[in-house]
Every structure is written in C-alpha cells, then in structure tokens.
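# Remarks on the overall topology
Each chain, written out:
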Amino acid sequence: ENVFTNKLNEISSSNILEIKEKFLINNINYEIFEKELAIELRWQKLIFLKFKELINIEESEIDHQVNKILVNQKDIVEYKLLEFEVFSEIDKEKIESIQNIKKEINSFGLEETLNKFKINYSRIEKNELGWINSNVLSKSILNIVKKLKIGETSTPINSSQNILFIKLVDKKNIGKENLNIKKLKDQIINKRQNELFELYSRSFLSQIKNNSLIEYK
C-alpha cells in the first residue's frame, strides 16, 4: 500500500485532487486508472521476486565495457535529460498528428499541448534522469538526443505500452581524466539490469498467455 501511495504521489506531484480533475476533463475513469496502476506495481514486484536471483552482472563484463569507452573516445558527452511517459490509447493516426506539434510542446509544455489537441491520456510520468553518459543510452535514443538543442523536447517515441518524450536540459563534454568511473559503471549496471528484467517480464507474460491458451483449448 505504501508503494502504491508513493507512486500515486509521484505521478500527481502530491496533488491527487488535481489529477482527478484532469481525468474528469479528459473523460477518463480514475478508478480504472488506480486499478491498472496497482496491477502494474504488483506485476513489477512479482517479476523482481521471481527473477532477482537470475540478474547477475559480471564485473569483468562491466570493466571491459568501460575500458572500451576509455580507449575509443577522446571526450565523453553527458546529457542531462527529462523523460515524459504518456500512458494513453493513442492510435497511429494520432501519433502522426503529434509528430507535427513539436513547437507547441516546447512553447507551452507537454501536458497543455496534449489537452489542446484533445489527446486522451491516463497519466503522464515525468522522470528526471539527471546526467547520463552517452554510452549508456541506446542507439535509437542517442540518435534522437543528439539532434536536440538544449531546452528542446523530442517528437514522440512510440513504444508498446506508452509514448516517450525526451527533453534535453543540458549537455557537457568531459575529458577522460575527469570521468566518474564509478558513476559510469553504476549506469551501465542499472541499464543492463533493466534490460534483463524487461526480457524476463516479456518471456514470463508470453508463457502465461500460452498456458492460458492451452487450458482454454
């Protein structure tokens, strides 16, 4: 229950009444949202408990990746990023329409722009990613971030369950002699752990679906 309450406060910036009003304005059922959020958190806990013993990152693998970065790059670029996750039933046609409203997002903000263009969404999560080493970002995200100017927000990045917007807050070049090796290692480990948990989550969900289909037959 504490995890659920904390997550709800995080999503609503500790103003649950305001988020309820936004749901009402967008004609979205708040109770369904709460149930879906609770299910999502339980699923994350289940995946963590079931597969945490399998998430074993070899230190030698991380050291090799860090050494490769140090050898191959003169300067390291770090980006300070904000990530907005829009949880919505947005179809392809609507995605194409918001591809063209980048200026609106940068001028008026993401939430106001989505409301203006009548895009129904259940919630927006704002994640302050902080300073991220460019080597930790996926190739697809890095290619997007490289094209952004400071203060600019990306066009929508479509994923299976949500739509992402990345905002470039700042960027800096770091000489190898000033690189925080421990921080870089931690970011690489965190990325790898998230990838493995996501992989096990998809595999386990697929297994459940297949078993349910067999039982149904």
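Each aromatic ring pair is characterised by the separation of its centres together with the angle its planes make. This structure, assessed with the given rule, holds 5 aromatic pairs. With 5.5 Å between their ring centres and 50° between their planes, Tyr30 and Phe33 make a pair best called tilted. Of this pair, Tyr30 and Phe33 are both found in helix H3 (residues 30–51), 3 residues apart, which corresponds to roughly one turn of the helix. Residues Tyr30 and Phe33 agree in their burial class; the two are buried. Centre to centre, the rings of Trp43 and Phe204 are 5.8 Å apart; their planes meet at 20°, and the pair counts as stacked. With Trp43 in helix H3 and Phe204 in helix H9 (residues 181–216), this residue pair connects regions lying 161 residues apart in the sequence.

Right, let's get into the environment of Leu148. Looking at the secondary structure, you find Leu148 in the loop between helix H8 (139–146) and strand E3 (157–158). For Leu148, a relative accessible area of 6% puts it in the buried group. Along the backbone, Leu148 and Ile166 are 18 residues apart, and their C-alpha atoms lie at a distance of 9.2 Å.

By the secondary structure assignment, Asp75 is in strand E1 (residues 75–87). Owing to a relative accessible area of 46%, Asp75 belongs among the partly exposed residues under this scheme. A sequence separation of 98 residues divides Asp75 from Asn173, and the C-alpha atoms of the two residues are 6.2 Å apart. Not counting chain neighbours up to four residues away, the residues in contact with Asp75 comprise Ile174 and Gly175.

What follows concerns the pattern of salt bridges. Going through the model one piece at a time under the given rule, you end up with 3 salt bridges. Between Glu61 and Arg192 there is a salt bridge, and its shortest N-O distance comes to 4.0 Å. Taken together, the residues Glu61 in helix H4 (residues 59–72) and Arg192 in helix H9 connect sequence positions 131 residues apart. For Arg192, a relative accessible area of 32% translates into the label partly exposed. We note a salt bridge from Lys185 to Asp63, for which the minimum N-O separation is 2.8 Å. Here Asp63 lies in helix H4 and Lys185 lies in helix H9, a separation of 122 residues in the sequence.

Another point: H3. With 22 residues, H3 should reach 32 Å at 1.5 Å per residue; the first-to-last C-alpha distance of 32 Å fits that figure. Of the positions making up H3, those classed as buried are Tyr30, Phe33, Leu37, Ala38, Leu41, Ile47 and Phe51. Capping of H3 at its N-terminal end is provided by Asn29; its side-chain oxygen lies 2.9 Å from the backbone amide nitrogen of Glu31.

This brings us to the confidence of the model for the protein chain. Chain-level pLDDT for the protein chain is 79 on average; 82% of the residues reach the 70-or-more range. Taken element by element, the predicted model of the protein chain shows its lowest mean pLDDT in helix H5 (residues 92–98) (58) and its highest in H8 (90).

The subject of this paragraph is the nonpolar core. Counting residues in hydrophobic clusters, the biggest one holds 27 residues, and the most contacted among them are Tyr79, Leu81, Leu137, Val145, Leu168, Leu184 and Ile188. Listed by contribution, the elements that provide at least two residues to this core are H3, H4, E1, H8, strand E4 (163–175) and H9. Of all the elements, H9 adds the most residues to this core, at 5 residues. For Ile188, the contacting residues outside a window of four places in its chain are Ile62, Gln65, Val66, Ile69 and Val136.

Conventions adopted
- Residues numbered from 1 in each chain as written.
- Predicted model: local features only at pLDDT ≥ 70, side-chain atom pairs only at ≥ 80, totals over all residues.
- Heavy atoms only, no water.
- Phe/Tyr/Trp six-rings, centres within 6.5 Å; stacked < 30°, edge-to-face > 60°.
- Helix = DSSP H or I, 4+ residues; strand = E, 2+ residues; numbered from the N terminus.
- Buried < 20%, exposed > 50% of the residue type's maximum accessible area, 1.4 Å probe, protein only.
- Contact = heavy atoms within 4.5 Å.
- Salt bridge = Lys/Arg side-chain N within 4 Å of Asp/Glu carboxyl O.
- Expected span 1.5 Å × (residues − 1).
- Polar contact = N/O pair within 3.5 Å; in protein donor to acceptor, adjacent residues only side chain to side chain.
- pLDDT = per-residue confidence, 0-100.
- Core = buried A, V, L, I, M, F, W, Y, C linked by side-chain atoms within 4.5 Å.

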